[in-house]
Amino acid sequence: MRKLINSTYITLDGVIENPVWTMPYFDDEAGAFAGSQTDGADALLMGRATYDGMSAAWPTRDESDPSTGAAYFNNVKKYVASTTLTDPTWKNTEVLRGDLIEEVTRLKAQDGRNILQYGYGSVTTQLLQAGLLDEVRFWIHPVLEGGDSVTTPLKDVKASFELVDTKVMKSGVIIASYRPKVGQ
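Calculation notes
Residues numbered from 1 in each chain as written. Predicted model: local features only at pLDDT ≥ 70, side-chain atom pairs only at ≥ 80, totals over all residues. Heavy atoms only, no water. Buried < 20%, exposed > 50% of the residue type's maximum accessible area, 1.4 Å probe, protein only. Helix = DSSP H or I, 4+ residues; strand = E, 2+ residues; numbered from the N terminus. Pairing = 2+ DSSP bridges. Core = buried A, V, L, I, M, F, W, Y, C linked by side-chain atoms within 4.5 Å. Contact = heavy atoms within 4.5 Å.

Quick look at the pairing of strand β6 (residues 135–141) now. Counted residue by residue, β6 has six buried out of seven residues, so it is predominantly covered. Relative to β6, strand β1 (residues 4–11) runs parallel, the two sharing seven bridges. Across the sheet, residue S7 finds its bridge partner in β6, namely R137. The sheet contact formed by β6 and strand β8 (residues 174–180) spans five bridges and is antiparallel. By the bridge assignment for β8, F138 is matched with A176.

With that settled, the discussion passes to the nonpolar core. One finds L4, L45, V104 and L127 to be the most contacted residues of the largest nonpolar core, which totals 20 residues. The set of elements that each furnish at least two residues to this core consists of β1, β2 (41–47), β3 (77–81), α4 (100–109), α5 (122–129) and β6. Filtering out sequence-adjacent residues up to four positions away, L45 remains in contact with L4, Y79, L96, V104, I115, L116, Q117, Y118 and L127. Formed by 17 residues, the second largest nonpolar core is a distinct cluster that contains I5, W58, V76 and W90.

Here it is, written out as structure tokens:
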């Protein structure tokens, strides 16, 4: 069975929106880790808001430069959980129109590598509550951004995790990887 891995950039004050604040920290070390994530995944899963942001940004990037990641993001199979998106324009995108839990269960049962998910919102919450999220990786950046935190729309969501791995980068970014605790 394929693993579903969530990877989310986050500030010390819990902000995940508009992660331009990651750019000063995206060095060779971060690029290598990000590359290992994408090398291990042959599909992306996202909600509508993440799709809108990524589909506006990635197609404009140079696919001939391997350091951009654009070739991967523009060509990998993408699944979007949305009830309103009808005609996705980003290459290799399929809209999941049925029940999210049933659709993701079906995707995870298919042959293939990991399924990668960026961002942390209502789609992630539903997958976590259904026991479909296998791992979450928070890229904790040493900045305060202000604004709504990741927990703002998730105030009623409770879950316990066990630490799987940590990676501390020279830039000060900490990648904390967690697995949901079974039975929690």
